Amino acid sequence: MRSQFISSIRGYVKIQVRGNHIESFINEALYKNYSLWDIRRTSIDQVQMSLLLRDFFRLRPLLKKTSCRVHVKERIGFPFILDKLKRRKYFAVGIIVFILGLYALSSIVWRVQVDGNDKIPTEQILQTAKQQGIYPMQWKFRLKDQDRLSKQLMDSIPGMAWVGVSIEGTQIHIKVVEYVVPEERP
């Protein structure tokens, strides 16, 4: 059984062969190591089959020898896709630009959100985070490790018991747990 994936990468054609000596055509093609598969007889003098693209271009001597005719039914594979894209250059360039733009836009931090703070103002946490490199419109690959960022934030802002920094898509969530100072007893 042929691998469909490898055949479609190389490119293959589904052809219809007509003539009186189809059996001798198939025997001769197999003798010369042509890659034929999915051979089906459609009528007495017609056969459909699949053939690799590189073997299709070597068919002419066999067709003359057996006095058969060939008609291409379907072209399948990567070489034919490339041929279509050559005719539509701007479409192919547009696809590439779109993918690159999508990758670039998903690599930027668009929003920084702070959760869990009651006493410490959000602006102070965001200002300290900006000094550590956490701010909107920052490239995600320029950010330090999340554990390192949370430790630096906890060291630079007094009154925090724990800080967690998590990157979720294009957002950064800073989760804060503040110290709870118990009331003094007399």
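S.K.: Give a detailed account of the sheet that holds strand 2 (residues 36–43), specifying residues and quantitative values.
M.R.: Taking strand neighbours across the sheet as the criterion, the four strands line up as 2-3-1-4 in an open arrangement whose pairing is antiparallel. Two strands close off the open sheet at either side, each with one partner strand: strand 2 and strand 4 (69–76). Strand after strand, the sheet turns through a mean of 20° between neighbouring axes, direction not considered. Pairing analysis gives seven bridges linking strand 1 (residues 12–18) to strand 3 (residues 46–52), with the strands arranged antiparallel. For Lys14, the partnering residue across the bridge sits in strand 3 and is Ser50.

S.K.: Could you give an account of the sheet that holds strand 8 (residues 160–168), with specific residues and numbers?
M.R.: Here we have three strands laid out as an open sheet, ordered 6-9-8, and mixed in their pairing. Each having just a single partner strand, strand 6 (111–115) and strand 8 make up the two edges of the open sheet. Shown here is a sheet whose adjacent strand axes are inclined to one another by a mean of 15°, direction ignored. Pairing between strand 6 and strand 9 (residues 171–178): five bridges, direction parallel. Looking at strand 9, one finds that Val112 is bridged to Ile172. Its contacts with the sheet place helix 7 (residues 122–132) against strand 6, strand 8 and strand 9, and it is angled at close to 130° to strand 6. Along the sheet, helix 8 (residues 146–156) contacts strand 8 and strand 9; its crossing angle with strand 8, the most-contacted strand, is approximately 145°.

Analysis parameters
- Residues numbered from 1 in each chain as written.
- Predicted model: local features only at pLDDT ≥ 70, side-chain atom pairs only at ≥ 80, totals over all residues.
- Heavy atoms only, no water.
- Pairing = 2+ DSSP bridges.
- Helix = DSSP H or I, 4+ residues; strand = E, 2+ residues; numbered from the N terminus.
- Axes fitted to C-alpha atoms, helices over the stretch in contact; angles between N-to-C directions.
- Contact = heavy atoms within 4.5 Å.

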